[in-house]
Amino acid sequence: MGEGQTILIVKNRGLGDAIITLGACAYMRELFPKARLVLGTPSWVAPLFKGVSTVCDEIFPIELKTLRDGIDLWQKVRALSPDLVHECHQSGRTGKFFKLFSFFHGADYSFYNHHFG
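Numbering of residues starts from 1 in every chain and runs along the sequence as written. Totals for whole chains, interfaces and linings use every residue, but because this is a predicted model, local features are given only for residues with pLDDT of at least 70 and side-chain atom pairs only at 80 or more, for both listing and counting. Side-chain measures were taken over the full set of non-hydrogen atoms in the model, leaving aside hydrogen atoms and water.

### A few points about the packing of helix 2 (residues 67–80) against helix 3 (residues 92–105)
Argument step 1. Closest axis-to-axis distance for the helix 2/helix 3 pair is 11 Å, and the angle between their directions is 45 degrees. Viewed along their axes, helix 2 and helix 3 adopt a mutual orientation that is oblique. The hand of the helix 2/helix 3 crossing is right-handed. Touching Gly70, Leu73, Trp74, Val77 and Arg78 of helix 2 are Phe97, Phe98, Leu100, Phe101, Phe104 and His105, all from helix 3.
Argument step 2. Residue classes follow a fixed rule: Ala, Val, Leu, Ile, Met, Phe, Trp, Tyr, Cys and Pro count as nonpolar, while Asp, Glu, Lys and Arg count as charged, and any other residue, Gly among them, counts as polar. Residues belonging to the contact of helix 2 with helix 3 are distributed by class as follows: eight nonpolar, two polar and one charged. Working convention: axes come from line fits to C-alpha atoms, limited for helices to the stretch in contact. Angles between N-to-C directions cover 0 to 180 degrees. Secondary structure elements follow DSSP: runs of H or I no shorter than four residues count as helices, runs of E no shorter than two count as strands, and numbering proceeds from the N terminus. By the definition adopted for this analysis, an angle is roughly parallel if under 35 degrees, roughly antiparallel if over 145, roughly perpendicular if from 65 to 115, and oblique otherwise. It is the rotation of the near helix from the far one that decides the hand of a crossing: anticlockwise by less than a right angle makes it left-handed, clockwise makes it right-handed. Contacts are assigned to residue pairs that have any heavy atoms within 4.5 Å of one another.

### Points about the environment of Glu58
Argument step 1. Residue placement: Glu58 occurs in strand 3 (residues 58–62).
Argument step 2. Excluding residues that lie within four positions of it along the chain, Glu58 makes contacts with Arg36, Leu37, Val38, Leu39 and Leu80.
Argument step 3. Side chain to side chain, Glu58 and Arg36 meet in a polar contact 2.3 Å long. Pairs of N or O atoms within 3.5 Å make up the polar contacts considered here, provided that, within protein, one atom can donate a hydrogen while the other can accept it, and that residues adjacent in sequence are counted only when both atoms are side-chain atoms.

So this is what it looks like as structure tokens:
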């Protein structure tokens, strides 16, 4: 991961989870200082980051409740063109979505779920 690379860090849960994930974003910034970091959060959380300085280059709203949401999100993530999608505490819906997206668009996909080790 270097300059011109985009890393999408996904935490599609609540406000507290999104705030805690900023620590993971700071660590990714240390590992990949020239990469573009994008934090994916629930669509209702994303606006709360307006005017707040973070290590992320962008806050990316995620809405994935209906099939239409999935189609819209697919188009938005495709436009973002991430090289790596890392999901903090993988969940069923987003896990399936980003695994499938990564398969079709060649992005690397990784996740951490504390329930699995």
